Amino acid sequence: MEISEEQKRHILTRERDGAKWILNSPMISLGRSKTAQLRVSESITVSRQHAVLYVSENLIELKDLGSSNGTFVNGLKLSPHKKARVVSQDTITLGDQAFVLM
């Protein structure tokens, strides 16, 4: 599947240290696992398979995978296994790790 210019423009920035990840895949796994595309290995509050971001041209959605400590968007806890829309400037929190969608 080809990556659109719109997908190349989405960036997730970790608040703690400013680390940046380009969201350039239609589906991006987040967690501590070595297989996670966005790996947060230094935090035990992040589950191995914590959440998934779904990136399309007009929409970005986030789904918690039943993580132990939850996934939050702007402080609101997501229901496990249900997608929620995220937009630019939203804060996504996995365990004790906060990220801002740019």
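Residues numbered from 1 in each chain as written. Predicted model: local features only at pLDDT ≥ 70, side-chain atom pairs only at ≥ 80, totals over all residues. Heavy atoms only, no water.

1. Comments concerning the packing of aromatic side chains
Counted according to the given criterion, the structure contains one aromatic pair. Between W21 and F99, the aromatic rings sit 5.6 Å apart at their centres with planes inclined by 65 degrees, giving edge-to-face as the arrangement. With W21 in strand 2 (residues 20–22) and F99 in strand 11 (residues 97–101), this pair connects stretches of sequence that are 78 residues apart. Each of the two residues, W21 as well as F99, counts as buried. Note that K83 overlies the ring of Y54, its terminal NZ or CZ placed 4.1 Å from the centroid. (Phe/Tyr/Trp six-rings, centres within 6.5 Å; stacked < 30°, edge-to-face > 60°. Helix = DSSP H or I, 4+ residues; strand = E, 2+ residues; numbered from the N terminus. Buried < 20%, exposed > 50% of the residue type's maximum accessible area, 1.4 Å probe, protein only. Lys NZ or Arg CZ within 6 Å of the ring centre and 35° of its normal.)

2. Side note on the sheet that holds strand 4 (residues 38–39)
The five strands are arranged 4-3-5-6-9 in an open sheet whose pairing can be described as mixed. Edge positions in the sheet fall to strand 4 and strand 9 (83–86), since each of these pairs with one other strand and no more. As paired strands, strand 5 (residues 51–55) and strand 6 (residues 60–64) are joined by five bridges and run antiparallel to one another. Opposite V55, over in strand 6, you have I60 as the bridge partner. (Pairing = 2+ DSSP bridges.)

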